[in-house]
Amino acid sequence: MDKVKQMWAFVDAVDKGSLARAALGQDITPVMLGRRIDALERRLGVKLLHRTTRHLTLTESGSVFLEHCRRLLADIDLAETIVSEGRDQASGHLIVSAPAAFGRLHVAPHAPAYLAANPNVQISFNLTDHVVDLVREGYELGIRIGGVLDPSFVAVRLATNRRVVCGTPDYLARCGVPRTLEELAQHNCLAFNLQGGQQRGWYFQKDGKPVTIKVNGNLDCNDGELLHRWASEGLGLAWRSTWEIQAQLASGELVTVLDEYALPDYDIMAVYMQQRHLPARVRSFIDTLKAVYAQPGYWTRPPAARP
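Procedures and definitions
- Residues numbered from 1 in each chain as written.
- Predicted model: local features only at pLDDT ≥ 70, side-chain atom pairs only at ≥ 80, totals over all residues.
- Heavy atoms only, no water.
- UniProt positions renumbered as here; feature names shortened; annotations may be inferred.
- Helix = DSSP H or I, 4+ residues; strand = E, 2+ residues; numbered from the N terminus.
- Buried < 20%, exposed > 50% of the residue type's maximum accessible area, 1.4 Å probe, protein only.
- Contact = heavy atoms within 4.5 Å.
- Areas by Shrake-Rupley, 256 points an atom, 1.4 Å probe, with all protein chains shown as cover.
- Lys, Arg positive; Asp, Glu negative; His and termini not counted.
- Charge placed at Lys NZ, Arg CZ, Asp CG, Glu CD.
- Pairing = 2+ DSSP bridges.
- Axes fitted to C-alpha atoms, helices over the stretch in contact; angles between N-to-C directions.
- Domains from an automatic or database assignment.

The name that an unreviewed UniProt entry assigns to the protein is LysR family transcriptional regulator, with the source organism given as Massilia aurea. The annotation that UniProt attaches to the protein under Sequence similarities (unreviewed entry) is "Belongs to the LysR transcriptional regulatory family."

Glancing now at the overall build of the protein. Scanning the protein from terminus to terminus reveals ten helices and 14 strands. The C-alpha extent of the protein, read off along each of the three principal axes, is 75 × 45 × 35 Å. Within the protein, buried positions represent 44% of all 307 residues. Considering only residue pairs separated by 6 or more positions, the protein has 72% of its internal contacts joining residues 24 or more positions apart. When the accessible surface of the protein is split by element, carbon and sulfur atoms take 52% of a total near 16400 Å². In the protein, which carries 34 positive and 33 negative side-chain charges, the distance between the mean positions of the two groups comes to 4 Å.

Once that is clear, we can look at the sheet that holds strand 3 (residues 92-98). Reading across from one edge, 4-3-5-14-6 is the order of the five strands in this open sheet, with mixed pairing throughout. Both outer strands of the open sheet, strand 4 (121-127) and strand 6 (153-159), are each paired with one neighbouring strand and no more. Strand after strand, the sheet turns through a mean of 25 degrees between neighbouring axes, direction not considered. Pairing geometry for strand 3 and strand 4, over seven bridges, is parallel. Across the sheet, G92 pairs through a bridge with V121, a residue of strand 4. Helix 10 (residues 280-293) rests against strand 3, strand 4, strand 5 (141-145), strand 6 and strand 14 (268-273) of the sheet, and its axis sits at about 25 degrees to strand 6.

Here we take up unusual backbone geometry. The phi dihedral of D27 falls on the positive side, at around 60 degrees, and the residue is not glycine. Among the structural elements, D27 can be located in the loop between helix 2 (19-26) and helix 3 (30-44). Positive phi, close to 60 degrees, is recorded for L258, a residue that is not glycine. With respect to the helices and strands, L258 occurs in the loop between strand 13 (255-257) and strand 14.

Time to look at the domain arrangement of the protein. You can read the domains of the protein as domain 1 (3-84), domain 2 (92-161 + 267-294) and domain 3 (163-261). Of note, the centres of domain 1 and domain 3, computed from C-alpha atoms alone, are 47 Å apart.

What follows is the structure, given as structure tokens:
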């Protein structure tokens, strides 16, 4: 057992980038975790890590040993999971990260029904628009919308989605309908901001190639729901996902423009780390979301009418 604890300490320290973060995840002190790695190095007779107060660096021996440790610990985890949980019975603690607005509207509301069908599961949500490091921060499942995915992760498409430019009929009647990407410069664009007040560009496809258009306007913020509300109030154009505005597009409250330049794929994905055995709680929750999103008319229903 001591050997396994030592290997877990070593692998966790590498994955999380520091002894402190690894110790927190194992509910021990950094000193104790460091002692386990020291004991492992003494037993092997080699240096595995160069440690400073700020950085951990693998030695050549450490890199080789790390891969063997990962395989061995994965086998142990697989054996424990199969015995304690079973292949088809969902149980345990599912920790999920999702974008803030999407999580509030389309992920967390489906948890009660899922838990009623899977009473041995506990779910924790972290709803944030910041892209979290699933491995280092301890999440089993991430919900992502578009963007570049790490090749070490598995991505399962939950639903199709596009990013479109939209505004109210009243705004377009007052300010005109943009026909080209360059004409966005003539419009009040409601942009998501970054630190320092700089605005993120809007991404499109032109002549088969991705392009980024810098936009300007008199309102910007770091909250997607507020941008959506401002657009619905006719204050400018917004660059939103269809999952967010589909009901308003169906009612005519919002109208899209520049559709021919929209990125073709900005899908809603479930993302998890590659592993030999996916816990039943992860697999079943993904299946639940896919089934809900596939219901006819789901995306055009008002939030209160969704299951």
